[in-house]
Amino acid sequence: MLEFRIVEIFESLQGEGYNTGMPAIFIRLAGCNLNCCWCDTNFRQYTRFTLDQLLDKVKQYKSKNIIITGGEPTLVKDLSKLLLPLKQAGYFIAIESNGLGKVDALIDYIALSPKFCYQSRYQKIVQSIANEVKIVAENHPDFISFCQYIEQNIQAKRYYLSPCERNGEFNMHDTIILLGQINQNRIENKWLLNIQTHKFANIE
Ligand code: SF4
């Protein structure tokens, strides 16, 4: 029987990126192919849901937007079998991915977060189009060239740097300096600041 490993499913507001403030149902899938040192998601603890159980749960919420997240949702083998009935029911579906896997064609909005600390894994780009790209800022001599590489190889409408949070502290100073460096010699800022507002607003 088809089952999905679900860390959590809940309705809230998108806390970051272009769609900040958008009501959405978050479906957090288990499993990831990275192990970022600042990861704030416990993607190893999950409950198994059948497809019908998951669809019933989604119907309990009001929002017509769904955010598929993780962990790394592109690793889920039968994801399209979940996406298809959701699309048929009229949901707009966004995905949050680290960019190492190909995103299913049924997805309406793609947010990619390539990870500088695993830069060698991005030598081969498999998902070259996105709606937005968000990179967690790290004060490292190679960081700007990684962002430039991503900008050249992933075509996105918007590019963001996000401050890195470790134990409640954000590297805001470094992030703004890095934004200045990556936007240097441009007439308009190509890279924008992304704040995880839900962490400040105490929204799940
Ligand atoms: S890719 Fe995302 S979910 Fe996976 S370890 Fe890194 S921050 Fe956590």
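Provided above is the structure to which this section pertains.
Residues numbered from 1 in each chain as written. Predicted model: local features only at pLDDT ≥ 70, side-chain atom pairs only at ≥ 80, totals over all residues.

1. Focus: unusual backbone geometry
(1) Moving on: Residue Gly71 follows Gly70 across a cis peptide bond; omega there is 20°.
(2) Moving on: Looking at where Gly71 falls in the secondary structure, it is placed in the loop between β4 (65-69) and α2 (79-88).
(3) Moving on: The backbone of Asn167 sits at a positive phi, close to 50°, despite the residue not being glycine.
(4) Moving on: For Asn185, which is not glycine, the phi torsion reads 65° and is therefore positive.
(5) Moving on: If you trace the backbone, Asn185 turns up in the loop between α4 (172-182) and β11 (191-193). (Helix = DSSP H or I, 4+ residues; strand = E, 2+ residues; numbered from the N terminus.)

2. A word on the environment of Ser128
(1) Moving on: With respect to the helices, strands and loops of the structure, Ser128 is situated in the loop between β6 (109-112) and β7 (129-136).
(2) Moving on: For the pair formed by Ser128 and Glu151, sequence separation is 23 residues and the distance between their alpha carbons is 9.7 Å.
(3) Moving on: With residues up to four places along the chain from it excluded, the contact list for Ser128 reads Asn153, Ile154 and Gln155. (Contact = placed C-beta atoms within 7 Å.)

3. So, the site of the ligand
(1) Moving on: Around the ligand, the surrounding shell consists of Cys32, Leu34, Asn35, Cys36, Cys39, Thr41, Phe43, Gly70, Gly71, Glu72, Asn98 and Lys115.
(2) Moving on: Tallied by class, residues from the shell around the ligand come to 5 nonpolar, 5 polar and 2 charged. (Near = placed C-beta within 6 Å. Nonpolar A, V, L, I, M, F, W, Y, C, P; charged D, E, K, R; others polar.)

4. Regarding the pairing of β6
(1) Moving on: Neither face of β6 is left uncovered, since the one carrying Tyr109 and Ala111 and the one carrying Ile110 and Leu112 both have all their residues buried.
(2) Moving on: Bridge count for strand β5 (residues 92-97) against β6 is 4 bridges, and the pairing is parallel. Bridge pairing links Ala94 to Tyr109 in β6.
(3) Moving on: Across 2 bridges, the pairing between β6 and β7 is parallel. Within β7, the position partnered with Leu112 by the bridge is Val133. (Buried ≥ 20, exposed ≤ 12 C-beta atoms within 10 Å, placed from the backbone. Pairing = 2+ DSSP bridges.)

5. Comments concerning the packing of helix α1 (residues 51-59) against α2
(1) Moving on: Closest axis-to-axis distance for the α1/α2 pair is 11 Å, and the angle between their directions is 40°. In terms of orientation, α1 lies oblique with respect to α2. Crossing of α1 against α2: the hand is right-handed. Contacts from Leu51, Leu54, Leu55 and Val58 in α1 reach Lys81, Leu82, Pro85 and Leu86 in α2.
(2) Moving on: Classifying every residue of the contact of α1 with α2 gives 7 nonpolar, no polar and 1 charged. (Axes fitted to C-alpha atoms, helices over the stretch in contact; angles between N-to-C directions. Parallel < 35°, antiparallel > 145°, perpendicular 65-115°, else oblique. Left-handed = near helix turned anticlockwise from the far one by under 90°.)

Geometric descriptors of this kind do not, in isolation, establish any biological role.
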